[in-house]
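The residues making up each chain are set out below.
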Amino acid sequence: QVQLVESGGGLVQAVDSLRLSCAASGRTFSNYAMGWFRQAPGKEREIVAAVNWAGNNKYYADPVKGRFTISRDNAKNTVYLQMNSLKPEDTAVYYCASNRVAFRTNYKEGAFGSWGQGTQVTVSS
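Residues numbered from 1 in each chain as written. Predicted model: local features only at pLDDT ≥ 70, side-chain atom pairs only at ≥ 80, totals over all residues. Heavy atoms only, no water.

(A) Structural context of unusual backbone geometry. If you check the backbone angles, V15 has positive phi at about 75° while not being a glycine. One can find V15 in the loop between β2 (10–13) and β3 (18–25). Residue classification places V15 among the exposed residues on the basis of a relative accessible area of 63%. Backbone geometry places S85, a non-glycine residue, at a positive phi of 50°. (Helix = DSSP H or I, 4+ residues; strand = E, 2+ residues; numbered from the N terminus. Buried < 20%, exposed > 50% of the residue type's maximum accessible area, 1.4 Å probe, protein only.)

(B) Molecular detail of the state of the cysteines. For the structure on display, the rule yields 1 disulfide. With its sulfur 1.9 Å from that of its partner, C22 forms a disulfide with C96. Across the disulfide from C22 to C96, rotation about the S-S bond amounts to roughly 40°, and the bridge is consequently right-handed. On the criterion of sequence distance, the pair formed by C22 in strand β3 and C96 in strand β9 (residues 92–99) is long-range, its members being 74 residues apart. As far as burial versus exposure is concerned, C22 and C96 are alike and both buried. (Disulfide = S-S within 2.5 Å.)

(C) Representation of the side chain of S98 in the model. Within the secondary structure, S98 is located in strand β9. If we ignore the near neighbours within four places in the chain, the residues touching S98 are V2, L4, R27, Y32, A33, M34, A111, F112, G113 and S114. (Contact = heavy atoms within 4.5 Å.)

(D) Quick look at the environment of S98. Overall, the relative accessible area of 2% leaves S98 in the buried class. Reaching out from S98, the side chain makes a polar contact with the side chain of R27 at a distance of 2.5 Å. (Polar contact = N/O pair within 3.5 Å; in protein donor to acceptor, adjacent residues only side chain to side chain.)

Here it is as structure tokens:
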């Protein structure tokens, strides 16, 4: 069973930047695709970005393309989400998640079986 712990959230102003981190333990981190999701109040959870096990295939949701960057450091068992040019509509709880199956590039929400506890990101205008 994998454990995921997010950090790096906070309160920032619009156009500021934040970097979220997600530290994994409990299984071979480098074998699994990782994703970042978010859930705003009153809205469903949505995918933000994802990266495959090797780090050479990445997905970004349209609202964050060009502003957010996902990366992973397999030596540190950590996945990152660099968020630039933040907007008030980016306000949400951000979760990292790990794919259920090793060596699979599947970024649908149902493919992710382990979740962190979430970290709050609040962007003021």
